[in-house]
Amino acid sequence: MKRFLLLLMAVLFVTVLFAAKDTLVMTVPVPERSVVPTYNPAFIDEGNGFWVFVYDTLIGLTPDLKPEIPLLAESWQISEDQKTVTLKLRKGVKFHDGTIFTAKDVKASIELVVHPKVANRNVNFLPPFQTLVGYDNFVSGKASEIEGIQIVDDYTVRFVFTKPNGTFLLGLAIVPIMPAEKIKKLDPMKLAGDEYFKKPIGTGPYKLVEIKEGEYYKFEAFDEYWRGKPKIKYAYIRQIDPTLAVSKGDADFLCTYSIDVVNAAKQNGNYDILRASPTRLQVFRFFIDTPPFNDVRFRRALIYAIDFKAIIERFYGGYAKQMSTFMIPGYWENKTLPPYEYDPEKAKKLVKESGYDGRELELLYYYTDLTTPQIMTAIQYYWKQVGINVKIRYVDAPTATALVIGNLQDQFRGKAILYAANAAIDPSFLEAFTTGHTWDFLKMNSSIYNELIRKGYETVDPATRKVYYDQAQAILYRETAPIPLWAPDILNVKKKNLKIPVDPFPGFWYPVDIRLHEWEFVGK
């Protein structure tokens, strides 16, 4: 009997030792984000790319951010005049509460995320839908629904536009689908902190079962997921220092821009580093209608003065790309535009020719990490060498917004440069620099640029859109405004025994189809 018990214990020990790990531990993407008390996709920051745990979209984004993968929409057909798009929906898909996904959920989800009374709504949701028939009446409060979203039957939705909209398919790839019966009861003005979003319901591979503010989100596998039962039972997204997490081996996966995190992972020895294309680029923002920024020679001097290669190597460990356009690297980037070379002598000449009077300008930043102030100091030094005087000042994010597009513009115009980022995945964002746009901090007033952006927005064919947007980027390049700097690579840090079925893996910065249900741990 004693031998039998010893043998049984040995068998159990081996079973436990080699059993598949059933809990995935991740960290929030960047230190600026945190675990908030709700998980609400109608807001710009809450959840972020982690939507993919709980929610599905109609169309999936490929790793290079193209809306091409059939998800909750099995197929879509575009009319000859490009003003009607008909979706055929997938049948038999269940929400986490057991209810069946149908066309009414599509209509309700879109109408919620674009609702004008939603505070801090994600601005990326608006361009894909703002040319729908009846959209203006809906956002003005004259109608309770968008006329152009038409439910044909339970599994067919028709979208009717006043004019072609090249961003529409992207919209279907970023709007999480929620159950109409639940969200139609919500007050758009009071979504923040609503009880529903503490345990939201989606059709995604995981159910959100617990939120501990400032600490973690906890997810449990949804066994009836339409693409198959997830291979990992539980998942946590923890708000912990990422460098410390990988040093101690506490995290299975995280995505970062920090070379410190990567170095800690390499030192640990139990991680792989997956390098992915950037999904943001750093830029300098300023108005160009006021001295000294109204002289293109001064603006070009700002670039020629900076040793980009040295900054990328020193602060990013080489994991970044110098940029020459305002679009992130990828399909929509105009790759024909060469980056500026480091040429301090030319910068000095341009500064003198521009008539810059030596006034002290401000170099503003709003990032809270430890590296950004060091980068600002390096840039301050480079500019000083060519005769441009700046002092560095931190401002919080709301103040930065008010300075550039809000009620503090008089404190910004002609006085400061803002170090900021652009993370737009569709070139329609370039509309921000058209004359009269709310966000037009350039004040470029180019009729040719305005027309190119209009044509690009109203064209559905990607190849034709790219022609227009490439020309628009060439104008920004010629005007040297805004100034693109560099695009840091996404660095995905994962345990060696974690198997991910998507290669290259893009990270969680957008709701890309990463087939989370297929993730699994292999070996020890």
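To keep things clear, this report deals only with the structure shown in the data block. A quick note: this is a predicted structure, and the numbers were derived from the prediction, not measured.

Definitions and limits used
- Sequence order as written defines residue numbering, which begins from 1 separately in each chain.
- Selection of residues for local features in this predicted model requires a pLDDT of at least 70, selection of side-chain atom pairs for listing and counting requires 80 or more, and totals for whole chains, interfaces and linings are taken over all residues.
- Here the side-chain values reflect all heavy atoms present in the structure, with hydrogen atoms and water set aside.
- Note on classification: 1.4 Å probe, protein chains only; a residue is buried when its accessible area is under 20% of the maximum for its type, exposed when over 50%, partly exposed between these limits.
- Working definition: helices are DSSP H or I runs of at least four residues, strands are E runs of at least two. Numbering for both runs from the N terminus.
- Should any heavy atoms of two residues lie within 4.5 Å, those residues are considered in contact.
- We call two N or O atoms a polar contact when they sit within 3.5 Å, provided that within protein one can donate a hydrogen and the other can accept it, with sequence-adjacent residues counted only if both atoms are side-chain atoms.
- At least two bridges found by DSSP between two strands is the condition for calling them paired.
- The salt bridge definition used is simple: a Lys or Arg side-chain nitrogen within 4 Å of an Asp or Glu carboxyl oxygen.
- As a rule, the C-alpha atoms of each element are fitted with a line to give its axis, helices using only the stretch in contact, and angles between N-to-C directions run from 0 to 180 degrees.
- Throughout, the term roughly parallel applies to angles under 35 degrees, roughly antiparallel to angles over 145, roughly perpendicular to angles from 65 to 115, and oblique to all others.
- By convention the crossing between two helices is left-handed if the near helix lies anticlockwise of the far one by an angle smaller than a right angle, and right-handed if it lies clockwise.
- Following the grouping adopted for this structure description, the nonpolar residues are Ala, Val, Leu, Ile, Met, Phe, Trp, Tyr, Cys and Pro, the charged ones are Asp, Glu, Lys and Arg, and the polar ones are all others, Gly among them.

Turning our eyes to something else, we now look at helix H8 (residues 259-268). Within H8, the full set of buried residues consists of Ile 259, Val 261, Val 262, Ala 264 and Ala 265. The secondary structure elements touched by the buried residues of H8 are helix H7 (242-248), strand S11 (253-256), strand S12 (271-276), helix H10 (308-316) and strand S20 (490-495). Among the residues of H8, the N-terminal cap falls to Ser 258, whose side-chain oxygen and the backbone nitrogen of Asp 260 are separated by 3.2 Å. Of the residues trailing H8, Gly 269 is marked for its positive phi of about 85 degrees.

What follows deals with the sheet that holds strand S16 (residues 390-394). If you trace the 5 strands from one edge of the open sheet to the other, you get S16-S15-S17-S13-S18, paired in mixed fashion. Taken across any chain shown, the strands that pair with only one partner, and hence form the sheet edges, are S16 and strand S18 (483-484). Of the strand pairs in this sheet, strand S13 (residues 281-285) and S18 are connected by 2 bridges, and their pairing is antiparallel. Paired with Phe 284 across the bridge in S18 is Ile 483.

Turning next to the pattern of salt bridges. The tally for this structure, following the rule as stated, stands at 30 salt bridges. When the shortest N-O distance is used, the salt bridge between Glu 145 and Lys 107 registers 3.4 Å. Of this pair, Glu 145 sits in the loop between helix H4 (135-139) and strand S6 (149-153) while Lys 107 sits in helix H3 (residues 103-113), and the two are 38 residues apart along the sequence. The buried category is assigned to Lys 107, whose relative accessible area is 10%. A salt bridge links Asp 250 to Lys 248, with the shortest nitrogen-to-oxygen separation between them at 3.8 Å.

Strand order across the open sheet formed by 4 strands is S4-S5-S7-S6, with antiparallel pairing between neighbours. The sheet is open, and its two edges are formed by strand S4 (73-78) and S6, each paired on a single side. Neighbour to neighbour, the strand axes of the sheet diverge by 20 degrees on average, direction disregarded. Both strand S5 (residues 84-89) and strand S7 (residues 156-160) contribute to a ladder of 5 bridges, which runs antiparallel. Bridging across to S7, Thr 84 finds its partner in Val 160.

Further remarks concern the packing of H10 against helix H12 (residues 371-385). In contact at an axis separation of 11 Å, H10 and H12 are set at 160 degrees when each is read in the N-to-C sense. It follows from the interaxial angle that H10 and H12 lie roughly antiparallel. Between H10 and H12 lies a crossing whose hand is right-handed. When H10 is examined against H12, the residues Ala 310, Ile 311, Arg 314, Phe 315 and Tyr 316 are found in contact with a partner set consisting of Thr 371, Gln 374, Ile 375, Ala 378, Ile 379 and Tyr 382. Looking at the contact of H10 with H12, its residues break down into 8 nonpolar, 2 polar and 1 charged.

Moving on, we come to unusual backbone geometry. Note the cis peptide between Pro 291 and Pro 292, where omega equals 0 degrees. Residue position: Pro 292 is located in the loop between S13 and helix H9 (296-304). Its identity as a non-glycine residue notwithstanding, Thr 480 has a phi of 55 degrees, on the positive side. Along the chain, Thr 480 falls in the loop between helix H15 (462-479) and S18. Given a relative accessible area of 3%, Thr 480 falls into the buried group. Of note in the backbone geometry, Arg 515 takes a positive phi value of approximately 50 degrees without being a glycine. By the secondary structure assignment, Arg 515 is in the loop between strand S21 (498-499) and strand S22 (520-521).

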